[in-house]
Amino acid sequence: DRSRSPLWFISHWWGEAILAFVECVIEHANVFNLSDECLYWVCAYANNQSEIQLDGSPKDSPFFAALYEAEGALVVMDHHATTVERAWCALENVLVSFWQKLYAIAGTDENQQPFILTQRPAPVDISRAEVEHPGEVDRFSDRYQTERQLQFPRTPLGRALLTEFESARASKEEDQEKIAKYVEEKEEGGFAAANSRIRVMAAAALCGMAIKDEFDRTIFERVPQVLFESHAPFHLSCQSNMLQLIILYGGKEVLRMADSLTIQEPFQAELVPDIADAVHTSKDLSQLKLFWQRSKIQDAQAKHFFDQVSTNKLKVITVQFEETQVGDETAKALGLRLRACGSLETVKMIMYKTNVTDVGGAALGAISSSELKDLDIWLQETRVGDMTGCAFGQCLEKSKKLERVKFNLYDTELTDDGGAQLISGMVSEVLVDLSIRLFVTDARDTVVGDKTGKAMATVLEHCPDLKYIWLGFANTAVSDVSGEQIGVSLAKCKKLEKIHLDFNARPKQNQKLQDSGCRKLVEALKCQTSLLDLELRLAGTHLGDLAARALGNSLGSCVLLKKVKLYLHGTKLTDSGGRDIALGLSWCKKLDDLYIALSDTIVADDTGKEFASAIAAFSNLRTVHLDFGGTHVSDESLTQLDAALELLSSLIDVIMKFDKTKVTEEKARGVEDKLQRDGLALKIETQRRTGIDLSDTSHSASAASVQNGASLGDVAVELERGILSDVSDAAPVA
């Protein structure tokens, strides 16, 4: 009943199979994560075919108006790519090229299986990478795009490489002449630009595919020429060996129009000079991503690459060399390039477990761009130290537009002075995402402490728009002073949606948070009314019942929480504190993911029963992990937890651990048998499995006492609903 503009315009040939056409549109909607409200414009359904008038200029046609309003165009091809031979489709592609619309190509194989080509990683590729590899979205979104396009049928791709829209035909000769005249007179992109656009898209897709036979080789020989003749900048993502083949066929100028280049492994040393020379010809290169991780690349080879390439116009650079032999020479060469990039907006350097020392780390901190918005540095498990911290601190001071900052510098030689200098530079009033991981995993003397903690608190005072924070200070020298100051500052960040705080401590660690420091830290959560995701790691600290009560009160205010992980094992928590936490948690009615580790504390059945009451109220709960190992809980807790879980139809994964508790084998077996007979099993059918893990009984009194129903030394009850996904967190390490 109301007029709405289309989001996507569909350019297609009417002669394709209707079912294939529909499958292509559905797949396109899936690839772009489009909602049911999205509108497509399709001539056959948008126009009354008996009344449509095409006597005037093509500019007066409904095609022109609809395409102008749309955000993007989807070109649907049959197996023979007949679309590129139709004159009206040619006009539509000319307009798409001129107006620089979003562009995608759909096609089906001989079995009508649909596939979609996109110019860059599509929303579905990015979403998948964010879920499966949240720390490496750049790398895996490109990879997933390539994988998604691998099965696109070769025949229409080969035909698209030869597109000549000027030779396209219409059902009426006068239409064909009218279109040709209009394009010639208006010069709105022209046939040449439209040809180049669709050819380059087909060529880029072919670069991600393997050459299997002579037919593929014939098609591929055309790719370098298409890239060289491109009328517009293009994005290319391929493996190093394929890129070298393109350069071999097309010469070093083949990448001259590339504005975005992603080079994936496998790495071959002999390819570096040719690739570096070709990349150097890309005068307008704005995005460069190198993924040569875990390869045999040497320091001299990587240095040569950065010595050769031109990076003056770069806006985005990603360099991933982790677990390689690159070192300070590479870091210095890259640092010089970064210093010359005055327009850099995004920098991501993943160089952990390399030979980079403090000298190289300091060189990498030479970024001078005032446009920097996103900085992501991974130098953990290297020999960088305070010079690196100081250099990046100075870089950050100049970057007033920073929105996202991530530093992984754990297990380095950074001290408290260097940590404080690094953190002090991060003041940015537009910062929304902050991740600082300076923890240590071994017994080393070079750790950050309260100077760094105080600097962190000062930075948080000036970040009113912060939405995500990840602070990792586990096993460092931060004390209650840092905990209290960070807590006070964190309370002023009212827009936080995700909070991950890691202050875990080793059992024999001298400096660790006491109950008062933990209390101030968790009191900050009470102000976070927008919080959706909370991960709190205070294992091994002196957290006690006062801090637990504060945590419970804070959780009661975070009613929007969907995901909670609390690592509180090995603390001073008693049954009173455990109960307070469960009571607070009961207000979080929207929870769908719950992880609670209370092992090696002195909580007992009051805590277990209170958690059972809370869980029974979570109607959306999908995953539950409760670890009560080494506590005083008994069969009574297991009975009530089991009853609570039975009320939830949304559960997928449930793990409950009761090793070294008062839970008896008889009760554990009863729970197992009951679940196997449970009516809920019929709802989930064969996907639900139950089991009891008795693999570790080293602490039990004797086999005879177990048989008689005495307390088990080590009983783990694992109750699975659905297919158990990833239980790597099952035994959190302090």
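All of the points below concern the structure found in this document. (Residues numbered from 1 in each chain as written. Predicted model: local features only at pLDDT ≥ 70, side-chain atom pairs only at ≥ 80, totals over all residues. Heavy atoms only, no water.)

Time to look at the overall build of the protein. The helix and strand inventory of the protein stands at 28 helices and 22 strands. Counting over 734 residues, the protein shows a buried share of 57%. Of the contacts formed within the protein by residues at least 6 apart in sequence, a portion of 85% connects residues at least 24 apart. Of the accessible surface of the protein, which amounts to about 30,200 Å², a share of 48% is contributed by carbon and sulfur atoms. (Helix = DSSP H or I, 4+ residues; strand = E, 2+ residues; numbered from the N terminus. Buried < 20%, exposed > 50% of the residue type's maximum accessible area, 1.4 Å probe, protein only. Contact = heavy atoms within 4.5 Å. Areas by Shrake-Rupley, 256 points an atom, 1.4 Å probe, with all protein chains shown as cover.)

Turning next to the nonpolar core. Leu 236, Phe 305, Phe 407 and Ile 615 are the most contacted members of the largest nonpolar core, which totals 191 residues. No other element matches helix H9 (residues 190-207), which puts 11 residues into this core. When residues no more than four places from it in sequence are discounted, the contact partners of Phe 407 are Leu 375, Ile 377, Phe 392, Leu 396, Leu 422, Met 426, Ser 435, Ile 436 and Arg 437. Counting 15 residues, the second largest nonpolar core, distinct from the first, contains Phe 32, Val 42, Leu 74 and Val 76. (Core = buried A, V, L, I, M, F, W, Y, C linked by side-chain atoms within 4.5 Å.)

The N-to-C vectors of helix H21 (residues 515-523) and helix H22 (residues 545-557) enclose an angle of 5°; their axes lie 8 Å apart at closest approach. Judged on the interaxial angle alone, H22 and H21 are roughly parallel. Note on element contacts: H22 touches H21 through Asp 545, Leu 546, Ala 547, Ala 550, Leu 551 and Ser 554, opposite Asp 515, Cys 518, Arg 519, Val 522 and Glu 523. Per-class residue counts for the contact of H21 with H22 are six nonpolar, one polar and four charged. (Axes fitted to C-alpha atoms, helices over the stretch in contact; angles between N-to-C directions. Parallel < 35°, antiparallel > 145°, perpendicular 65-115°, else oblique. Nonpolar A, V, L, I, M, F, W, Y, C, P; charged D, E, K, R; others polar.)

Turning next to the environment of Phe 473. By the element assignment, Phe 473 lies in the loop between strand S14 (468-472) and helix H20 (480-490). If we ignore the near neighbours within four places in the chain, the residues touching Phe 473 are Leu 438, Phe 439, Val 448, Thr 452, Met 456, Val 478, Ile 486, Asp 502 and Phe 503.

Running from amino to carboxyl end, helix H12 (residues 240-250) crosses helix H13 (residues 272-280) at an angle of 65°, the nearest separation of the two axes being 10 Å. As judged from the angle between their axes, H12 and H13 are roughly perpendicular. At the point where H12 passes H13, the crossing takes the left-handed sense. Between H12, through Ser 240, Leu 243, Gln 244 and Ile 247, and H13, the contact on the second element is made entirely by Asp 274, Ile 275 and Ala 278. Of the residues in the contact of H12 with H13, the class split is four nonpolar, two polar and one charged. (Left-handed = near helix turned anticlockwise from the far one by under 90°.)

These results come straight from atomic positions and should not be treated as a statement about function.
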